[in-house]
Amino acid sequence: MTTRRTFRTAGLAAVAAAAALSLAACQSGGKDAASGPQRQAAASVTTGGGSTPIGSATIAADKATAGVRTGADAAHRGGAPAAAAKTASRARTQTLPDGSTAEIRRLGDQHYVARIVHGGSVLATLETNGSDAGLDANDMFIVLTLGGRLHAWMGGGHQGPGTFELAGGWRAKVTKTGELRYRAQILGNDGAVDATLQTNQHDVGLDANGVYIVLSAGGVISAHE
């Protein structure tokens, strides 16, 4: 008897209207994810609070206000910068596997920002605003969830295109869709597409019920429990 892995999410009401859950879950699948992060009312991904089970979800992680910014592009782009910054919570810090530090702040409901700092310099910024965020930082992978949880690990990357075994019993079918654009269909035990990650010139990430997955704009995918 096969066991179907499912996604769960907390507080999807805020993003339910923007989704189309034909299970290309996390980002693409039947729908093209170019329109930005989308979730369906019934779909969800674990975020920390209560949760509602679903069979699959579609999340397109190329929304301008969410994702990763690095280097000179680390300044806030899009969204609601000034007002949110004034009401941001006090930063908590977390040491990462490579010795750098993540400074994590809550900007609003399911809206968090994490600055990756090393030697006093901000190397990258991840921001959730309707979807989890992910980053491949020179073979250190980071996921920042909608609930503000940050998970990081070293190595384990697979270079797409191709189909790869991931942590937690998942498999990923990675295809190239354009320049710095890759799609990863996350397959469950029965071979069905339970989620889809799609890059749009920046890395994306997902918390799949405690299995953290990053897909880079260069087609590298890695997962960790």
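Before reading further, recall that the structure is shown in the block above.
On a predicted model such as this, the values are computed, not experimentally measured, just so you know.

A. Looking closely at the nonpolar core. The biggest cluster of nonpolar side chains holds 18 residues, and the ones touching the most others in it are L166, V174, I186, I213, L215 and I221. Those elements giving two or more residues to this core turn out to be β13 (171-178), β14 (181-187), β15 (193-198), β16 (204-208), β17 (211-215) and β18 (220-224). The next biggest cluster of nonpolar side chains, apart from the first, holds 15 residues, and it includes I104, A133, L144 and A152.

B. View of the pairing of strand β6 (residues 111-118). Counted residue by residue, β6 has six buried out of eight residues, so it is predominantly covered. Pairing analysis gives seven bridges linking strand β5 (residues 101-108) to β6, with the strands arranged antiparallel. Residue pairing in the sheet places T101 in a bridge with V117 of β6. Hairpin connection from β5 to β6: two residues lie between these consecutive antiparallel strands, with Q110 at a positive phi of about 55 degrees. In terms of strand pairing, β6 meets strand β7 (residues 121-129) through eight bridges, oriented antiparallel.

C. Broad picture of the sheet that holds β18. Sheet architecture is open: four strands sit in the order β11-β18-β17-β16, paired in antiparallel fashion. Lying at the two open borders of the sheet, with one neighbouring strand each, are β11 (158-159) and β16. Bridging between β17 and β18 involves four bridges; their strand directions are antiparallel. Counted as the bridge partner of Y212 is H224 from β18.

D. Representation of the sheet that holds strand β10 (residues 150-154) in the model. A sheet is described by the order of its strands in space; here three strands give the open sequence β8-β9-β10, paired in antiparallel fashion. In this open sheet, the two strands that pair with only one neighbour each are β8 (133-137) and β10. Adjacent strand axes in the sheet meet at a mean angle of 15 degrees, parallel and antiparallel pairs treated alike. Sheet topology places β8 next to strand β9 (residues 140-144); five bridges connect them, and they run antiparallel. Counted as the bridge partner of D136 is F141 from β9.

E. Spotlight on the environment of F141. Its location among the elements puts F141 in strand β9. Once the C-alpha coordinates of F141 and G156 are considered, the two residues, 15 residues apart in sequence, prove to be 9.1 Å apart. For F141, the contacting residues outside a window of four places in its chain are L135, D136, H151, A152, W153, G155, G157, V214, V220 and S222.

Parameters at a glance
- Residue numbers run consecutively from 1 along every chain, following the written order of its sequence.
- Selection of residues for local features in this predicted model requires a pLDDT of at least 70, selection of side-chain atom pairs for listing and counting requires 80 or more, and totals for whole chains, interfaces and linings are taken over all residues.
- The side-chain figures draw on all heavy atoms in the structure; neither hydrogens nor water molecules are used.
- To qualify as a nonpolar core, a set must consist of buried Ala, Val, Leu, Ile, Met, Phe, Trp, Tyr and Cys residues joined through side-chain atoms within 4.5 Å.
- Three exposure classes are used, based on accessible area relative to the maximum for each residue type with a 1.4 Å probe and protein chains only: buried under 20%, partly exposed in between, and exposed over 50%.
- Helix and strand assignments come from DSSP, with helices taken as H or I runs of at least 4 residues and strands as E runs of at least 2, each series counted from the N terminus.
- Here, any two strands with at least 2 DSSP bridges between them count as paired.
- Between N-to-C directions, angles span 0 to 180 degrees; the directions come from axes that are lines fitted to C-alpha atoms, helices contributing only their stretch in contact.
- The contact criterion used is simple: two residues touch if any of their non-hydrogen atoms lie within 4.5 Å.

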